[in-house]
Amino acid sequence: SFYIREFNDLKSTVSQEAPAIYEKFKAAGTALKEFETTKAKDSLEGINSEINAIKSKANNYGFTALAEALSSLIPRFQSFGEALKNLSDLTESGFKIAGRLEELRLQGFRWLTNQRGDLLIENLESFKADLTKINNSISGLKNHAKLASYKLDTDFLELNVNILRSQKFLEALTNWFKA
């Protein structure tokens, strides 16, 4: 009875926070596309604090340890921990991209005009690697959402497509600068 009450409380918290986290991810994505790195970081910090609150509640209830113990028997338990990890990875990669965009905005022209193309290429390749991590996290989240019967809207699915396009663009741009 104790675990059922705490499990339902945790489930309720996750259900309440999921839409807010999702909206903040969308806001961060929009801000990054518009090179508004401060707004993106603010959204990502909000996501981080909400994820940490969920993790803390899960740890306090002992659910994290229980989920790990039961994960081989009940896939949904494994999915919970992995989904939180995917969200954390996604947020971390978002912070890195925001920082790289800011650095590119401030230093990119200087790198080109001072014959420091190597720094530009390095930054673009790191950017591409961060996008790959984001894409992997999004794929994981799509799988976890399916397991949890959580319906994702088309914006989330479009994000995946936009990231793939960005990766291809960065690949072409990087190859052009290397030539």
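Residues numbered from 1 in each chain as written. Predicted model: local features only at pLDDT ≥ 70, side-chain atom pairs only at ≥ 80, totals over all residues. Heavy atoms only, no water.

Brief notes about helix α6 (residues 154-178)
Step number 1: Taking 1.5 Å per residue, 25 residues should reach 36 Å; α6 reaches 36 Å between its end C-alpha atoms and fits that length.
Step number 2: Restricting attention to buried positions, one finds in α6 the residues F156, N160, I163, Q167, L170 and T174. (Helix = DSSP H or I, 4+ residues; strand = E, 2+ residues; numbered from the N terminus. Expected span 1.5 Å × (residues − 1). Buried < 20%, exposed > 50% of the residue type's maximum accessible area, 1.4 Å probe, protein only.)

Some thoughts on the confidence of the model for the protein
Step number 1: With 85% of its residues at a pLDDT of 70 or more, the protein shows a mean pLDDT of 80.
Step number 2: Ranking the elements of the protein by mean pLDDT puts helix α3 (residues 63-70) last, at 64, and helix α2 (residues 37-60) first, at 86. (pLDDT = per-residue confidence, 0-100.)

Side note on unusual backbone geometry
Step number 1: Unlike most non-glycine residues, F35 shows phi in positive territory, near 60°.
Step number 2: Tracing the sequence through the fold places F35 in the loop between α1 (2-33) and α2.
Step number 3: Residue F35 is classed as partly exposed on the basis of its relative accessible area, which comes to 49%.
Step number 4: In this structure, Q115 is a non-glycine residue whose phi angle is positive, near 55°.
Step number 5: With respect to the helices and strands, the residue Q115 is situated in the loop between α4 (75-113) and α5 (117-147).
Step number 6: Residue class for Q115 comes out exposed when judged on its relative accessible area of 73%.

Notes on the side chain of K128
Step number 1: On the secondary structure map, K128 appears in helix α5.
Step number 2: Residue classification places K128 among the buried residues on the basis of a relative accessible area of 17%.
Step number 3: If near-sequence neighbours (up to four positions away) are discounted, K128 is found in contact with Q167, L170 and E171. (Contact = heavy atoms within 4.5 Å.)

Focus: the pattern of salt bridges
Step number 1: Scanning the model with the defined rule gives 10 salt bridges in all.
Step number 2: For the salt bridge of K24 with E50, the shortest nitrogen-to-oxygen distance reads 2.3 Å. One end of the pair, K24, is in helix α1; the other, E50, is in helix α2, and 26 residues separate them in sequence.
Step number 3: Classification of E50 by relative accessible area gives buried; the value is 13%.
Step number 4: Notably, a salt bridge pairs R116 with D118, separated by 3.0 Å at the nearest N-O pair.
Step number 5: Accessibility expressed as a relative area gives 36% for R116, which makes it partly exposed. (Salt bridge = Lys/Arg side-chain N within 4 Å of Asp/Glu carboxyl O.)

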